[in-house]
Every structure is written in C-alpha cells, then in structure tokens.
Amino acid sequence: MPSNLNPLGALPFRFRRERILVVGCGDVGLRAARQLPRNARLMALTSSPARVPELRARRITPLQGNLDDGASLRRLAGLATRVLHLAPPPNENPDGRGDPRTLALLRALRLRSLPRSLVYASTSGVYGDCGGEWVRETRPLSPHTPRAQRRVHAEAHVRLFGRATGTRVHLLRIPGIYAPDREGGTPRGRLLKGTPVLRAEDDVYTNHIHADDLAGACLAALWRGKPQRVSHASDDTELKMGDYFDLAADLYGLPRPPRLARGSAHEQLPPVLLSFMSESRRLDNTRLKRELRLRLRYPTVEIGLRDH
C-alpha cells in the first residue's frame, strides 16, 4: 500500500537493485562479474583477507567467511537476491563422500529471506564413463571418482533446497575450462612436457567450454534458468583427446604428443590424469543454447589457442 514515506508504494521487484552473491569467486566468478550490469550490487564470499583489496578494486563487496566454518556464513542470510555457487567440494571428506561446504551454505541461506535463484556449478564427471555416447541431461548419474560423488551429493541437496524453499535452482554440468588468459587454461604446458596421450583405438572423447562462455552461462542460468533443471555448459566441438592435443600442437608449432596404449598409460601417467582418460562422453548442449538462449562465441582451439 502507498505510504507517506513512499507515496508510490512498494516498487515492483524488477525495479529493485539486484544483489548477487558469488561463492567461490575465482577466475570464472570474476569473469561473470565483468559481464553484470553496473547497477547490480555484487558480493563475493572470501576466506582470504588478502583478496579483499582485489575484490573491492573490481567493485565487488567482499564478505569474509569460510565454507568449512558454518558459523562464519550466518552473515550471508538474507543478503542476496541471486546466488552463484562456484565453490568446489573439499578434496577429501573424513566423514564420507558428501560435500559439507554446500550443506553449510544452504543452511546459512535458509536463516532469513531466501534468494530468488541459485545456480550451482557441477561437473560432467557425474556421468562417469559413457563409452563415447552422446549424453543428455536426463542420463542417469554414475560417478566413478570420489570427486564426482561429492558433486552428486551437492547436486541432490541443492535440488532439495529448491523444492523445499521455492528458490529457483539450476545446475550447470561443466567439462574442462579453457582460456588463453586463464592459469593452466591451455594445453601448452602439457605439450612442452611431452605428456603422452592414448592411441586412437583407446582414445576418449573430451569436452570443453571457454571461461567467458561459462561465465555467460552462469548469468543466463541465474536469470533464465528453469527451476530444478540441468544444462550442459559445453561448446560445440566433438574431438577425441588425442586429436585435440594434436591440433593444439600444430597451432603452437610444437611436436605432437607421443601416443601409447591404455595398458602402458597405467604405468606412465599419474592417477589424476588417468581418471580423465578413463571416461569418454560427448555432451549435448542443445538445452544450454535453446533454453538459456546462450550463443557460444569461441570454438575450442581456433580462438583459445591462436591468441596465446
């Protein structure tokens, strides 16, 4: 109702200032911040006092807190109209294969007025090995690694939060992220080391997304993502891992990596790298482009490596 203090009454929500909270404001979070309109208030959770000046210089309000300390997150309650959750689970969880960080965040958000939307950045690893098949968002999950299992746990609780509170939650399942200006964002370092790849008959399909496109997908999901839905944040390329590194080597003018059989790979490559070479899938990104109306601007190798 109109009042003496505000004769026009309460303004419609679309005219109020949006307050966006980024949890896990690393490279992708900062890229998303650059794409936001200047009239939006942007906040970021950080556990590092050293990052406070950097965030303020980017017109981001730093909120000190730690996802591993639930009590420090209470100040987040009621602050944001939209939440972008980019923080990964812990590398190890002594209590099991769940994600205590996501649980702590969701508990804090429940304490006061709820956000209108929440986007959670998950991983395409939740599908496990798909034998090179095309994968849609409705495919049953089959995580093979503890890291992927923690993501499945987080996804389930984010969805439960949305159903219980009415917050519109949207999940993005993300493959490898690349960008010339991102730390470790190109295969150049691996090529210089001469790290082997699998021979053609043992090779696996790999998927990628440019960091700027991923930032755009996060923002599109915050505003246009349908509730309780999943989108694949992946570009349009369809390459096997060895072919990807061969193409990258040619563009860099470097020697192509040696090829080896899968049996030999177990003897020569570290377990983390082997885990990526043990899963093959091709992500269908139709929903990302159709429902979120996102235009992918960067072919994986053409731009991502040429400008390095």
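Residues numbered from 1 in each chain as written. Predicted model: local features only at pLDDT ≥ 70, side-chain atom pairs only at ≥ 80, totals over all residues. Heavy atoms only, no water.

Asker: Looking at this model, I keep getting lost on the state of the cysteines. Mind explaining?
Answerer: One way to say it: the disulfide is the covalent bond shared by the sulfur atoms of two cysteines. Tallied over the entire structure, the rule returns 0 disulfides. Free of any disulfide, Cys25 has its nearest neighbouring cysteine sulfur in Cys218, separated by 11 Å. (Disulfide = S-S within 2.5 Å.)

Asker: Would you mind going over unusual backbone geometry with me for this structure?
Answerer: Leaving glycine out, the prevailing phi sign among residues is negative, and the prevailing peptide bond configuration is trans. Positioned with a positive phi, Gln228 is a non-glycine residue whose angle comes to about 60°. Along the chain, Gln228 falls in the loop between helix H6 (211-224) and strand S12 (229-232). For Gln228, a relative accessible area of 23% corresponds to the partly exposed category. Positive phi outside glycine occurs at Arg293, with the angle close to 50°. Assignment of secondary structure puts Arg293 in the loop between helix H10 (286-291) and helix H11 (300-304). Arg293 gets classed as exposed once you look at its relative accessible area, which sits at 57%. (Helix = DSSP H or I, 4+ residues; strand = E, 2+ residues; numbered from the N terminus. Buried < 20%, exposed > 50% of the residue type's maximum accessible area, 1.4 Å probe, protein only.)

Asker: I tried to follow the packing of helix H3 (residues 100-109) against helix H4 (residues 146-165) on my own but got confused; where do I start?
Answerer: For any two helices packed against each other, one specifies the crossing angle of their axes together with the interaxial distance. At their nearest, the axes of H3 and H4 sit 10 Å apart, and the two run at 15° to each other. Judged on the interaxial angle alone, H4 and H3 are roughly parallel. In this structure, H3 meets H4 at a crossing whose hand is right-handed. Contacts between H3 and H4 involve Thr102, Leu103, Leu106 and Leu109 from the former and His153, Ala154, His157, Val158 and Phe161 from the latter. The residue makeup of the contact of H3 with H4, split by class, is 6 nonpolar, 3 polar and no charged. (Axes fitted to C-alpha atoms, helices over the stretch in contact; angles between N-to-C directions. Parallel < 35°, antiparallel > 145°, perpendicular 65-115°, else oblique. Left-handed = near helix turned anticlockwise from the far one by under 90°. Contact = heavy atoms within 4.5 Å. Nonpolar A, V, L, I, M, F, W, Y, C, P; charged D, E, K, R; others polar.)

Asker: What is the right way to read the environment of Ala200 from this model?
Answerer: Looking at the secondary structure, you find Ala200 in the loop between strand S9 (197-198) and strand S10 (205-206). Separated by 60 residues in sequence, Ala200 and Leu260 have C-alpha atoms that sit 9.0 Å apart. Beyond its immediate sequence surroundings of up to four residues, Ala200 is in contact with Lys240 and Arg259.

Asker: Just checking my understanding: could you explain the confidence of the model for the chain for this structure?
Answerer: One rule of thumb: low pLDDT means the predicted coordinates there are not for detailed reading. Per-residue pLDDT for the chain has a mean of 91; in total, 91% of the residues score no lower than 70. Across residues 1-11, where pLDDT falls below 50, the model places 4 contacts with residues more than four positions away in sequence or in other chains. (pLDDT = per-residue confidence, 0-100.)

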